[in-house]
Amino acid sequence: MTDYRPVDAITRVEIEQLVTEMLHRLDHHRADTTWELYTEDGVSIGPMGDMDREAMKVWGARRARQTDVVGRHFIGGIRLVWAEDGDEVEGTVQYLTFRDTGEPQTLPASVGEFRERYRKVDGRWLFARREIVPVFGGRAAAAHAARVAGQEGPAR
């Protein structure tokens with residue numbers, strides 16, 4: 001049995017815009033607003049820990065104040081399919097993340113995928129679940145998470 005249940009073009013564009021908005025906010029010191037892109041019961045799972053919307057507000061406010069960290073996310077290989085229940089969309093988005101705290105700065109700090117679930121609420125797609133899965137550079141991602149949390153430490 002296949003899980004290939006592709007979404008229509010309009011749904012694809014709307015979800016890609018959501019993902020792009022998330023990354024734009026992260027890359028331009030607006031992490032304090034990323035919680036707004038999640039459903040009321042939305043969660044984020046990954047190197048920064050497991051967070052509900054309230055935890056995202058706290059994390060985002062702290063991260064937005066760290067304007068000394070410059071990062072950029074690049075995405076591709078976006079796969080979107082309707083969930084089996086037909087009400088939500090499941091997605092896998094491949095990413096590259098660069099940060100000026102890495103050496104050399106021209107090598108990705110992390111390469112991996114976002115495993116996401118999206119739900120339409122009041123006519124707008126939002127993240128219901130977002131899992132950040134580093135495939136390469138997991139140590140760098142963990143070191144960055146510690147830095148954002150105020151627990152400096154080298155990548156191990």
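These numbers come from a predicted model, not from an experiment.

Enquirer: Looking at this structure, I do not really get the pairing of strand β5 (residues 110-121). What am I missing?
Expert: A regular strand places its side chains so that they alternate between the two faces of the sheet. Across 10 bridges, the pairing between strand β4 (residues 88-99) and β5 is antiparallel. Note that in β5 the partner of valine 89 across the bridge is tyrosine 118. Across 11 bridges, β5 lies against strand β6 (residues 124-136) in antiparallel orientation. Note that in β6 the partner of glutamate 116 across the bridge is arginine 130. Taking the residues that link successive antiparallel strands as the turn, the β5-β6 hairpin has 2 residues, and the phi of aspartate 122 there is positive, at about 50 degrees.

Enquirer: Sorry if this is basic, but what is going on with the packing of aromatic side chains here?
Expert: Working definition: an aromatic ring pair is given by the centre-to-centre distance plus the angle between the planes. Scanning all chains against the criterion turns up 5 aromatic pairs. Pairing tyrosine 95 with phenylalanine 114 gives two aromatic rings, centres 4.6 Å apart and planes at 20 degrees, and the pair type is stacked. Note that tyrosine 95 is positioned in strand β4 and phenylalanine 114 in strand β5, a separation of 19 residues in sequence. For the pair shown, tyrosine 95 and phenylalanine 114 are each scored as buried. Centre to centre, the rings of tyrosine 118 and phenylalanine 127 are 5.8 Å apart; their planes meet at 45 degrees, and the pair counts as tilted. You'll find tyrosine 118 and phenylalanine 127 in the same group, each marked buried. Of note, lysine 57 hangs over the ring of tryptophan 35, and the distance from its end group to the ring centre comes to 4.1 Å.

Enquirer: Is there a simple way to explain the environment of glutamate 36 in this structure?
Expert: Relative to the helices and strands, glutamate 36 is located in the loop between α1 (9-27) and β1 (38-45). Separated by 17 residues in the primary sequence, glutamate 36 and arginine 53 place their C-alpha atoms 8.1 Å from one another. For glutamate 36, the residues in contact, after removing those within four places along its chain, are Arg25, Arg124 and Leu126.

Cut-off values and rules
Residues numbered from 1 in each chain as written. Predicted model: local features only at pLDDT ≥ 70, side-chain atom pairs only at ≥ 80, totals over all residues. Heavy atoms only, no water. Pairing = 2+ DSSP bridges. Helix = DSSP H or I, 4+ residues; strand = E, 2+ residues; numbered from the N terminus. Phe/Tyr/Trp six-rings, centres within 6.5 Å; stacked < 30°, edge-to-face > 60°. Buried < 20%, exposed > 50% of the residue type's maximum accessible area, 1.4 Å probe, protein only. Lys NZ or Arg CZ within 6 Å of the ring centre and 35° of its normal. Contact = heavy atoms within 4.5 Å.

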